[in-house]
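Breakdown of the fold
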Amino acid sequence: MGPGSVPEVRMSSKVVRPPDDVRSAYEEFLGAFQMAGAKANLEVSVWRIPLDGCFTRAGNSTTAAFETGLYLKGLPCHGRLAASERLDVVIKAEERFSTPSWLLRKSTVKLNYIVVSNCTPRLVQSLHYDFVEKGQKDHPFFHVHLTDGRIPEDDLRNAGFELQLPEQPSECWVTTRIPTPDMTFASVLYCVVADHLGAGHFKEFAKRVDSIQGRLPHAGFDALKESLRKSPKHFKSSHWFAHMPESR
Amino acid sequence: MATNIKVLLFEDTVETRAEVLKALRKHLKRYGSVIPFESSRLTETDTGKERMYEARLKDILTRAPYDGGTLIVVDQNLAKSDDFKGLSVSAVAAVSKTLAIPICEYARLPHADDYEWRRRWEEGHIVLDFTDLDELARLAAVAARGFAEIAARLRRVMRDGDNNSLATILAAVLGKKGYSGKIALYGVGEKRLSDIPARTQQAEQEKQRMMTTFLGYWLWSSLLRYPGLLVNEVAAASYLNIETADFRKPRVQEVFKKALYRGPFADFKRPQWWRGTLDDIVSHENCANGLELVRKKVGMRISRSKCSVDPSKPAGYYCIISHKPVGLENSKGGLSWFPRGADLTRISDPMLEEYGPWFGA
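Before going into details, it helps to say that this report is about the structure given with it. (Residues numbered from 1 in each chain as written. Chains lettered and ligands numbered in written order. Predicted model: local features only at pLDDT ≥ 70, side-chain atom pairs only at ≥ 80, totals over all residues. Heavy atoms only, no water.)

1. A short note on the overall build of chain B
Scanning chain B from terminus to terminus reveals 15 helices and 13 strands. Taking all 361 residues of chain B together, 56% fall into the buried category. The long-range fraction of contacts in chain B, counting pairs at least 24 apart against all pairs at least 6 apart in sequence, stands at 65%. In the form shown here, chain B has an accessible surface area of approximately 16,500 Å², with 50% of it arising from carbon and sulfur atoms. (Helix = DSSP H or I, 4+ residues; strand = E, 2+ residues; numbered from the N terminus. Buried < 20%, exposed > 50% of the residue type's maximum accessible area, 1.4 Å probe, protein only. Contact = heavy atoms within 4.5 Å. Areas by Shrake-Rupley, 256 points an atom, 1.4 Å probe, with all protein chains shown as cover.)

2. Let's talk about the sheet that holds strand β10 (residues 316-319) of chain B
All names here are of chain B. The four strands are arranged β11-β10-β13-β12 in an open sheet whose pairing can be described as mixed. Looking at the sheet topology across the chains shown, the edges are occupied by β11 (325-327) and β12 (331-333). Between one strand axis and the next, the sheet turns by 55 degrees as a mean value, whatever way the strands run. Summarising the sheet, β10 and β11 pair through three bridges and their orientation is antiparallel. By the bridge assignment for β11, Y317 is matched with V326. (Pairing = 2+ DSSP bridges. Axes fitted to C-alpha atoms, helices over the stretch in contact; angles between N-to-C directions.)

3. Some details on the interface of chain A and chain B
On the side of chain B, 22 residues touch chain A, which itself brings 25 residues to the contact. For the pair chain A and chain B, the summed buried surface comes to about 2,000 Å²; carbon and sulfur atoms form 46% of the total. At the boundary of chain A and chain B, one finds four salt bridges. Its salt-bridge partner being D52 of chain A, residue R275 of chain B comes within 2.2 Å of it at the nearest N-O pair. If you look at where chain A meets chain B, you find eleven residue pairs in polar contact (both at pLDDT 80 or more). Among the secondary structure elements, those contributing two or more residues to the side of chain A that touches chain B are α1 (8-11) and α2 (20-39) of chain A. When residues in the side of chain A that touches chain B are grouped by element, the largest group, six residues, is from α2 of chain A. Residue classes in the side of chain A that touches chain B are distributed as nine nonpolar, seven polar and nine charged. (Buried area = accessible area lost by both parts, 1.4 Å probe. Salt bridge = Lys/Arg side-chain N within 4 Å of Asp/Glu carboxyl O. Polar contact = N/O pair within 3.5 Å; in protein donor to acceptor, adjacent residues only side chain to side chain. Nonpolar A, V, L, I, M, F, W, Y, C, P; charged D, E, K, R; others polar.)

4. So, the packing of aromatic side chains
Within the structure shown, the criterion is met by 26 aromatic pairs over all chains. Aromatic pair W337 of chain B and F338 of chain B: ring centres 4.9 Å apart, planes at 80 degrees, arrangement edge-to-face. In this structure, W337 of chain B and F338 of chain B share a single accessibility class: buried. An aromatic cluster of three or more residues is present, and its members are Y26, F55, F66, F97, W102 and F185 of chain A. Sitting above the plane of the F268 of chain B ring, R138 of chain B keeps its charged end 5.8 Å from the centroid. When the ring centre of W274 of chain B is taken as reference, the NZ or CZ atom of K176 of chain B above it lies at 4.9 Å. (Phe/Tyr/Trp six-rings, centres within 6.5 Å; stacked < 30°, edge-to-face > 60°. Lys NZ or Arg CZ within 6 Å of the ring centre and 35° of its normal.)

5. Quick notes on the pattern of salt bridges
Residue and element names in this part refer to chain A. With the rule as written, the count across this model stands at 36 salt bridges over all chains. Across the pair E67 and K92 runs a salt bridge, and its minimum N-O distance is 2.9 Å. On the criterion of sequence distance, the pair formed by E67 in strand β3 (residues 63-73) and K92 in strand β4 (residues 85-98) is long-range, its members being 25 residues apart. Look at K92 and you get buried, because its relative accessible area is 2%. Across the salt bridge formed by E204 and R208, the nearest N and O atoms sit 3.9 Å from each other.

6. Regarding unusual backbone geometry
With an omega dihedral of 5 degrees, the bond running from T99 of chain A to P100 of chain A counts as a cis peptide bond. In the segment running from A64 of chain B into P65 of chain B, the intervening peptide bond is cis, with an omega of 5 degrees. Along the polypeptide, P65 of chain B turns up in the loop between α3 (53-60) and β3 (71-75). A positive phi angle, near 70 degrees, is found at F265 of chain B, a position not held by glycine. Turning to its location among the elements, F265 of chain B is positioned in the loop between α12 (250-255) and β9 (272-274).

Shown next as structure tokens:
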């Protein structure tokens, strides 16, 4: 697929219209993120597909999918880069909802951290935040997975990243899964602002998106709630794992 | 509906003045009056007549019977005006700006449809085509009623204190407070900064008039022109994936009635819909798009919307030049002169090929 072209799936009749509250929440959140980036001199490219085309029907009439991506060029980074280097990040988000409730059932947000030196990119860190409502065997319900996985080429291009990553995989000795809070797409962007754009920009961004929060789809995690409910006085980290409800 | 509308008509040709007057009165109905500007009936001293046209007009428009105008409707060519030989529309426009009276200029536009997309806010006022007198008068009446409605709503909004920003105020005027963020996106890239009401201390009445004029122009020239927050008939049909002719069918229109825009400048001949409410109507029935919903609800044969460039593809968007439905891959959006909120506005590839260099595309 050449630069500027739009994936065929978006042209099909699979595009679905979410409620105004949901669409506008994503629209406003992304707008606020772009604005925070611009204020911090961060170049933010958004997915080639307009937000309206990012919501599609997934399989059946009661499931909708959301797919988008961002490319952050020159992310402020504390001290580790040489003067000729910059840190870029490509983010790819895939979420699934049950409709018409628009409850979040699944969320995967992939991040590729890429150091670019003299137009030569190298993948230095890859991770994805994961959540599946019913859990995945032996996985924490919400977790970040450190991997060596690259975001697929087409998705990198759609996000606006045009450089060619080297063929050889990056080094990631420990592909561990670390339990996290509910790190959905919006939460990940929120943390990126907090971690990289500085306290002043974060404060302003946090204030701006506060009113949006209630409109973003809520994650459904009945299985986790059920696990906690069964032994409320014995709170332990194993409750965060998907195997717990089954093994009790 | 506001009933104290006063339209001031500037037309230098006596016969045309009578015709425009009659047509305007017909369309304003009982909601207002039209006062023709007749310099022969003015009571000016000889010294007064020696002043600049702008100074004379300013005086005249603040005295009875011309004071308190809701809208000035003015011919582009006023050269034959008695006592104001060589008067230009720019002199009237300058006075209208000083007094914060909205202005609606008319002219015979050689290619009115073509002109529609070319004009932006350059004129700083509304420009209508004079090819069809009745349509001109109808639209001028829509404009006059719209400004009067904004003024009335604005009084309530300012009293209630919803005045943090221009977008917040317009959102409150439109009765859609939740949309202030989206409306703000229609201000991004706006070039006519000089029209934004000053924050200096002004008399409350003057502030209200300036705000009314500004919000009216913004609504007419931006929000209602570039599909995004609101969608016209073609854009709505395209967005809902319904063929435009099918979307016009009364039974189909009934399905989306709740989304119909009824605010200032609402025009039954050129209806617009709230895009967000269209989304809600569709998703409430758990349908993927408007076509699926209409097929479910209306037992009629309904066709899908087709891209005007490649009919094998669905549309979804609106070409601001051809006024036709267009698909994503055969068009370009986000041009520098589009308001940021106009995310359904695009230019089809053939149009882009023709005019690309002028668009900064």
